Amino acid sequence: MPEQRVLICQQCQKALEPRKTDFTYLGHSFFTDILTCPGCGQVFIPEELAKGRISEVEKQLEDK
Amino acid sequence: MKRAPGAIEDCLQNEPAFCRVACPFHLDVRDFIEKMQRGGFNAAYRTYLNAVGFPAIVTALCPEPCQGACPRRLSGGAISMKLLEQAATTYARNTDPVRYNVPAKQKKVAIIGAGPSGLACALRLAERKYDVTVFEKSGRLGGHLHQVLPPEIFLSDIERQFDREKVELTLNTEIGSLTGLDFAAIYVATGANGTDFGLAQEKGGAFASTRPGVFLGGSLRGKDSMQAIAAGLRVSGAMERFIKAGGMNHPDEMTGTRLELGASLVASADTVRPSNGEAYTRDEAVLEAGRCLQCSCDACVRFCDLMRYFKKFPRRIAEEVEITIHPGTLDGNGTVATRLISSCNHCGLCQQVCPQRIDTGGLLLAAHRTMREKGAMPWAFHDFFLRDMASANGEASLARRPTGHETSRYLFFPGCQLGASDPRYVTESYRFLLEHWPDTALMLCCCGAPAEWAGDEAVRAQAMARLRQDWSDFGKPKAVFACPSCRQILGRHLPEIEGVFLYDLILQQGITLPLCAPGTTASVFDPCASREEPGVQQAVRALAEKAGFELAPLPLEGKLAQCCSFGGQVAVAHPPYAHRVVATRIAEGGHPYISYCSNCRDIFARAGKPCWHILDIQLGLNGPDRAPPTLTERRINRLVLKRRVLEEFWKEVGEMGKPRMDLIVSAELGQKLSDEWILETEIATVIEACEKSGRRILDPATGSFFGHHQIDHMTYWVEYAPRSDGSFELRNAYGHRMRIEER
């Protein structure tokens, strides 16, 4: 599982953990849990997520 | 109001087939045949029964006028409708009349005459539960049918069809006058020599007499048996209309069709004869039904990739476009056709093949503009191309006259994609032009097609205004085009700029051909924008033949040129569709292609189809298998081209700024980025931003840094590793359209 790998924020030297993150596209807003630095809030989106779920939602909103 | 020619309302999709118009009952033969073709005898019988009322009588008497109208009569024999109708009746699971569960109407109607027309009318009105009285002066049913058929055939059919209906039958009763008859509507069907009670036909509606509520029809009006029955069935509608709405103006029956059928499309197939000489077996009936052409106008759907892909005809497209650009809800939900509007290649083939010249592509382009103006078109669909256009018209643009010339006869306008594919296409061509016309000016910029296809009128107009100004400053020279799309777009918006094709000039002047290919067979792929340019289509063929090529025609070319998939720049908006179009195009010809649009060439080559640009042959530049440059390389090629022309033709040392970052990208990753519309310059910007801000994420397992940055709308992610020499190794990159709302 990609979520299992430990990723370190280079600014805060803290391990990322899932946190609620907001997204917007074409005037629509929504949120989901994304790996985030508990210190500075920097997020990480792996390629699988960008090409998978995010891309699907983008298409749905474009066709809405 | 008279409509403009080519209006979507003129679409012939719903025009009746020839046979249907010829049929007295207007039987929907396409529907009947479709059911027969799949062995749906029961369903086919229902269609037939609903159309004719008395199937046994009609099958026995019908002279098959459909046969004279059937296009198959010229290619194997007209469809044997009577045998098929017999087969439907024989093999139907259930031939009982339908039991209509409808409440009684409480309205009395009278029918004068119990011949076939009167009975047909009585049957339909009884099914609709009117209180029907039939008056017949003789003592028997059937009227003139007694003269043309054995009574056992028609009487049993009449009995069968009325089996579930109640009708008041008054035999031996001659009606002398309509006065005193208290009925909501009356049908006078008194036969060939019967009385019309002194009433005349009223022209304002089908079957209407001059007296409200009284209708005339059948043999009384000079109709034959089939037309009499058909009139009886149809007049029931006119009578019901009168009872409900009070009008006598029932519309007339269909009298013609605007359908046309290209005879060349009909392959001959002989009539199926019944093996027993009389009636079809089930299999024979299905075979015969299979010969039917189901005549309808579907030229657009057969030719247009988009309509075929979406399985939609122009009318449906127009409806969906309408509700998309004018959605019924305030938040714009229901914009069902956004993807469809964004998928048109704008090749113009739909209008070319349409007998009504309906411009469905034009409708989609207008819709695209409307959506763009309203901000309702997803920005992502054309973002890359508009930024690419901005680059071509910015850092890579150039407009120059040769030194020492105040005016120019010619202006070379290669377009932004030719030099992006290979800068030598432009430098070598320009050198050729200068040899023959030393005052030829050069303009390196975009024609505005990306803005046109994005529906962005403001950007298009701005680009063209500048282009026009430069052309005017050069003394309004004749433009020399290399790209048919540039020619088409400028011809549409700046018609004052006269143009000629580079290939015409090469052919005129002659050129020593470095590449000779004696005996090599290839097919010229006409770019879709060359559709109205037969001159250049012929010039390119002549050049290829001079170079020794044997030319094999493609199924569609010339006037019917097709798009390679680049048109409309739909590849971001609809990747699966674009891939389908490319795959279809390269499969249509078995030989390598020769094109004269660098986009066609590069797209085919990327898909594995060997393809020359005609300049490859004329100037001896590349083989047909040359891998096209990536998107990043294309951008660089434009800058290289600008530097080279400045150096060679204006003796200026062009500035080609050093790349701001030493980025190491493997060829494989470079291609992946290109396929995903990501430029390496954008990646460098993202890494710079990460390095500057320190916002990086370390994956300890691989030593990679991850980071992201938003450029305009797009968010890009990079995975990279800094090297000790100051360079950066790119390990991966990807992007998404969704914006992260970071705290």
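Please read all numbers here as calculations on a predicted model, not as lab measurements.

K.L.:
Before we move on, could you go through the overall build of chain B and cite the residues and values that matter?
P.N.:
What chain B contains, in helices and strands, is 31 helices and 20 strands. The C-alpha radius of gyration computed for chain B amounts to 36 Å, which surpasses the reference 27 Å derived for 743 residues by more than 25%, pointing to a less compact arrangement than a globule. Expressed along its principal axes, the backbone C-alpha trace of chain B runs to roughly 115 × 65 × 50 Å. Buried positions account for 47% of the 743 residues belonging to chain B. Sequence separation of at least 24 residues holds for 70% of the intrachain contacts in chain B that already meet a minimum separation of 6.

K.L.:
Which residues make up the overall build of chain A, and what are the values?
P.N.:
Within chain A one finds 1 helix and 5 strands. The order of α-helices and β-strands along chain A, N terminus first, is β-β-β-β-β-α. Across its three principal axes, chain A shows a C-alpha extent of roughly 40 × 25 × 15 Å. Among the 64 residues that make up chain A, the fraction classed as buried is 22%.

K.L.:
Give a description of the interface of chain A and chain B that names residues and reports values.
P.N.:
The partner chain B presents 25 residues to the 28 residues of chain A that form the contact. Of all the secondary structure elements, the ones that give two or more residues to the side of chain A that touches chain B are β1 (8-9), β3 (17-25), β5 (43-44) and α1 (47-63) of chain A. With 8 residues, the single largest contributor to the side of chain A that touches chain B is α1 of chain A. In terms of residue class, the side of chain A that touches chain B is made up of 13 nonpolar, 7 polar and 8 charged. Bridge count for β3 of chain A against strand β20 (residues 739-741) of chain B is 3 bridges, and the pairing is antiparallel. Counterpart to T24 of chain A in the pairing with β20 of chain B is R739 of chain B.

K.L.:
Help me get a handle on the packing of helix α2 (residues 29-37) of chain B against helix α3 (residues 41-52) of chain B, residues and values and all.
P.N.:
All names here are of chain B. At a minimum axis separation of 8 Å, α2 and α3 run at an interaxial angle of 160°. Relative to α3, the element α2 is oriented roughly antiparallel. Along this stretch, α2 crosses α3, giving a crossing that reads as left-handed. Across from D31, F32, K35 and M36 in α2, the residues of α3 making contact are A43, A44, T47 and Y48.

K.L.:
I'd like to hear about unusual backbone geometry, residue by residue, with values.
P.N.:
Even without being a glycine, Q13 of chain A presents a positive backbone phi close to 55°. Looking at where Q13 of chain A falls in the secondary structure, it is placed in the loop between β1 and β2 (14-15).

K.L.:
Tell me what's going on with the sheet that holds strand β4 (residues 28-36) of chain A, and back it up with residues and numbers.
P.N.:
The pairing of strands in a sheet comes from backbone hydrogen bonds and takes either a parallel or an antiparallel form. In space, the 4 strands of this open sheet follow the order β5(A)-β4(A)-β3(A)-β20(B), with antiparallel pairing throughout. Looking at which strands have only one partner, the edges of the open sheet turn out to be β5 of chain A together with β20 of chain B. Where β4 of chain A meets β5 of chain A, 2 bridges bridge the pair, whose relative direction is antiparallel. Following the sheet pairing, T36 of chain A is matched in β5 of chain A by V43 of chain A.

K.L.:
A description of the domain arrangement of chain B should follow, citing residues and the corresponding values.
P.N.:
Taken domain by domain, chain B comprises domain 1 (18-95 + 256-262 + 277-290), domain 2 (108-233), domain 3 (299-378), domain 4 (458-657) and domain 5 (663-736). A separation of 86 Å is found between the C-alpha centroids of domain 2 of chain B and domain 5 of chain B.

K.L.:
Can you break down the sheet that holds strand β11 (residues 521-525) of chain B residue by residue, with the values?
P.N.:
Residue and element names in this part refer to chain B. Reading across the sheet, the 4 strands line up as β12-β11-β13-β14 and stay open at both edges, with parallel pairing between neighbours. Sheet topology places β12 (550-551) and β14 (611-613) at the edges, where each strand pairs with a single neighbour. Of the strand pairs in this sheet, β11 and strand β13 (residues 593-595) are connected by 3 bridges, and their pairing is parallel. Across the sheet, the residue bridging to S523 is Y593, located in β13. Helix α25 (residues 534-546) rests against β11, β12 and β13 of the sheet, and its axis sits at about 160° to β11.

K.L.:
Kindly report on α3 of chain B, identifying the contributing residues and their values.
P.N.:
All names here are of chain B. Compared with the 16 Å implied by 1.5 Å per residue over 12 residues, the 16 Å span of α3 between its first and last C-alpha is a close match. For α3, the set of buried residues is F41, A44, Y45, T47, Y48, L49, A51 and V52. In the core, the buried residues of α3 are packed alongside α2, α4 (55-61) and α6 (81-91). Immediately beyond the C-terminal end of α3, within one or two residues, lies G53, with a positive phi of roughly 80°.

K.L.:
If you had to explain the nonpolar core to someone new, which residues and values would you point to?
P.N.:
Side chains of a nonpolar character, in soluble globular proteins, are inclined to be buried together. Residue and element names in this part refer to chain B. Ranked by internal contacts, the top residues of the largest apolar core, which has 115 residues, are L411, Y503, A544 and I614. Composition of this core by domain shows at least three residues from each of domain 3 (299-378) and domain 4 (458-657). Setting aside its immediate chain neighbours within four residues, I614 contacts Y503, V540, L543, A544, I594 and Y596. F54, L123, Y187 and F207 belong to the second largest nonpolar core, which has 79 residues in total.

K.L.:
Residue-level account of the environment of S429 of chain B, with values.
P.N.:
Residues and elements named next belong to chain B. Tracing the backbone through its elements, the reader meets S429 in helix α20 (residues 423-436). The exposure class of S429 is buried, given the 24 C-beta atoms found within 10 Å. Separated by 17 residues in sequence, S429 and F412 have C-alpha atoms that sit 8.9 Å apart.

K.L.:
Just give me the short version of the pairing of strand β19 (residues 728-736) of chain B, but keep the residues and values in it.
P.N.:
All names here are of chain B. In this structure, strand β15 (residues 663-664) lies alongside β19, joined through 2 bridges in parallel fashion. Within the sheet, the bridge partner assigned to L663 lies in β19 and is F728. Strand direction decides the pairing type here: strand β18 (residues 714-722) and β19, joined by 8 bridges, are antiparallel. Across the sheet, the residue bridging to T715 is H736, located in β19. Counting the residues between successive antiparallel strands, the hairpin from β18 to β19 contains 5 residues, one of them, G726, with a positive phi of roughly 90°.

K.L.:
Please set out the pairing of strand β9 (residues 478-481) of chain B residue by residue, giving values where relevant.
P.N.:
Residues and elements named next belong to chain B. Strand direction decides the pairing type here: strand β7 (residues 410-413) and β9, joined by 4 bridges, are parallel. Paired with Y410 across the two strands is K478, which belongs to β9. Across 3 bridges, the pairing between β9 and strand β10 (residues 499-501) is parallel. Looking across to β10, one finds that A479 is bridged to G499. Between the parallel elements β9 and β10, the chain passes through helix α23 (residues 484-493) in a crossover that is right-handed.

K.L.:
Got a sec to walk through helix α18 (residues 380-392) of chain B? Specific residues and values, please.
P.N.:
Residue and element names in this part refer to chain B. Between its first and last C-alpha atoms α18 spans 19 Å; for 13 residues at 1.5 Å apiece the expected length is 18 Å, and the two agree. By the burial criterion, the buried members of α18 are A380, F381, H382, F385, D388, M389, S391 and A392. Check the buried side of α18 and you find it contacts α19 (416-421), α21 (449-454) and α29 (631-650).

K.L.:
Could you give an account of the confidence of the model for chain A, naming the residues involved and the relevant values?
P.N.:
Of the residues in chain A, 94% reach a pLDDT of 70 or more, and the chain-wide mean stands at 92. Per-residue pLDDT, averaged within each element of chain A, yields its smallest value for β4 of chain A (93) and its largest for β1 of chain A (97).

K.L.:
For the packing of α6 of chain B against helix α11 (residues 282-290) of chain B, give the residues involved together with the corresponding values.
P.N.:
All names here are of chain B. Viewed as axis vectors pointing N to C, α6 and α11 meet at an angle of 140°, and their least axial separation amounts to 10 Å. The orientation of α6 relative to α11 falls into the category oblique. In this structure, the crossing between α6 and α11 has a hand that is left-handed. Packed against α6, whose contacting residues are L83, L84, A87 and Y91, the element α11 presents R282, A285, E288 and A289 at the interface. Its residues assigned to classes, the contact of α6 with α11 shows 6 nonpolar, no polar and 2 charged.

Calculation notes
Residues numbered from 1 in each chain as written. Chains lettered and ligands numbered in written order. Predicted model: local features only at pLDDT ≥ 70, side-chain atom pairs only at ≥ 80, totals over all residues. Helix = DSSP H or I, 4+ residues; strand = E, 2+ residues; numbered from the N terminus. Rg over C-alpha atoms; globule rule 2.2 N^0.38 Å. Buried ≥ 20, exposed ≤ 12 C-beta atoms within 10 Å, placed from the backbone. Contact = placed C-beta atoms within 7 Å. Nonpolar A, V, L, I, M, F, W, Y, C, P; charged D, E, K, R; others polar. Pairing = 2+ DSSP bridges. Axes fitted to C-alpha atoms, helices over the stretch in contact; angles between N-to-C directions. Parallel < 35°, antiparallel > 145°, perpendicular 65-115°, else oblique. Left-handed = near helix turned anticlockwise from the far one by under 90°. Domains from an automatic or database assignment. Expected span 1.5 Å × (residues − 1). Core = buried A, V, L, I, M, F, W, Y, C linked by C-beta atoms within 7 Å. Right-handed = clockwise from strand over helix to strand, strands pointing away. pLDDT = per-residue confidence, 0-100.

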